[in-house]
Amino acid sequence: FEKHDPKPEAIKLYKQAWKIAMFEDEYNEKVDSAMVLLEEAIQIDSLYIEPHLAIIGFATLEKDKTEALEHCHRAQRIYKNFPEFITIEGVIHESNDEPQKAIKLYKKALDIYENDLMDDMAENPDLELHYIECLYLNNKKNKANKKLEELKANNKQDDFYNGLTMEILMEGYRELKKR
């Protein structure tokens, strides 16, 4: 994936949205206001990935996950074969008690990581983190744990990676599945 420098206006709106609603754990007026700002950020710079991820996350706070799935699909149209959006869609289906759809999506995301993105992971530890999450969701827990230990060993200078555990890494997915 090519690096994209987001437009400053879009970054500003994204940050405003997070300040408004980052601690909300249910859909309410603050979340609605944040989603309006995120939509504006996407209109200004549709290639800026963070507003897409945030709007999907906020949309999952609703009991009906239809809007979250719609946002996933929109992001997938912009970011063709971006495995993180495919994985998130799988988690949404799993939270909707649709395990077969989730399994199919997890496998599709894993195939993309392993067939198209392996060479990019050495220079992009965040991409590798998403791959590790995907391994875990595909019930390849031993391989996921081994990859996480390798990632930590290769990034000893970075406290963020050194402090990671599989439990911490998967917390966001566990929360999403509960909703």
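Further up the page is the structure itself.
Described below are features of the structure shown in this document.

### Overview of the side chain of His52
Examined against the element boundaries, His52 turns out to sit in helix 3 (residues 49–59). Leave out the neighbours within four places in its chain, and His52 touches Ile42, Ser46, Arg74, Ala75, Ile78, Tyr79 and Phe85.

### Examining unusual backbone geometry
Its identity is not glycine, yet Asn81 carries a phi of approximately 55°, on the positive side. For Asn81, the location among the structural elements is in the loop between helix 4 (66–78) and helix 5 (83–95). Judged by relative accessible area, Asn81 falls into the partly exposed class, the value being 46%. Despite not being glycine, Asp97 shows a phi value in the positive range, around 60°. Structurally, Asp97 is set in the loop between helix 5 and helix 6 (99–121). A relative accessible area of 67% places Asp97 in the exposed class.

### Describing helix 2 (residues 29–44)
Look at helix 2: 23 Å from first C-alpha to last across 16 residues, which is about the 22 Å you get at 1.5 Å a residue. Along helix 2, the residues classified as buried are Val31, Ala34, Met35, Leu37, Leu38, Ala41 and Ile42. For helix 2, the arc enclosing every buried residue in end-on projection is 165°, short of the 170-degree limit, so these residues lie on one face. Along helix 2, exposed side chains directed more than 90 degrees from the buried face belong to Glu29 and Gln43. In this fold, the buried residues of helix 2 make contact with helix 1 (8–21), helix 3 and helix 4. The backbone nitrogen of Lys30 has a side-chain oxygen 2.9 Å away, supplied by the residue at the start of helix 2, namely Asn28.

### Some points on the packing of aromatic side chains
According to the stated counting rule, one finds eight aromatic pairs in the structure shown. For the pair Trp18 and Phe58, a centre-to-centre distance of 5.1 Å together with 50° between the ring planes defines the contact as tilted. Remark: Phe58 occurs in helix 3 and Trp18 occurs in helix 1; sequence separation between them is 40 residues. You can call Trp18 partly exposed: its relative accessible area is 28%. Between Phe82 and Phe85, the ring centres sit 5.2 Å apart and the planes meet at 50°, which makes this aromatic pair tilted. Connected via pairs of aromatic rings, a cluster forms that spans Tyr14, Trp18, Tyr48 and Phe58.

The rules we used
- Residues numbered from 1 in each chain as written.
- Predicted model: local features only at pLDDT ≥ 70, side-chain atom pairs only at ≥ 80, totals over all residues.
- Heavy atoms only, no water.
- Helix = DSSP H or I, 4+ residues; strand = E, 2+ residues; numbered from the N terminus.
- Contact = heavy atoms within 4.5 Å.
- Buried < 20%, exposed > 50% of the residue type's maximum accessible area, 1.4 Å probe, protein only.
- Expected span 1.5 Å × (residues − 1).
- Arc of directions from axis to C-beta.
- Polar contact = N/O pair within 3.5 Å; in protein donor to acceptor, adjacent residues only side chain to side chain.
- Phe/Tyr/Trp six-rings, centres within 6.5 Å; stacked < 30°, edge-to-face > 60°.

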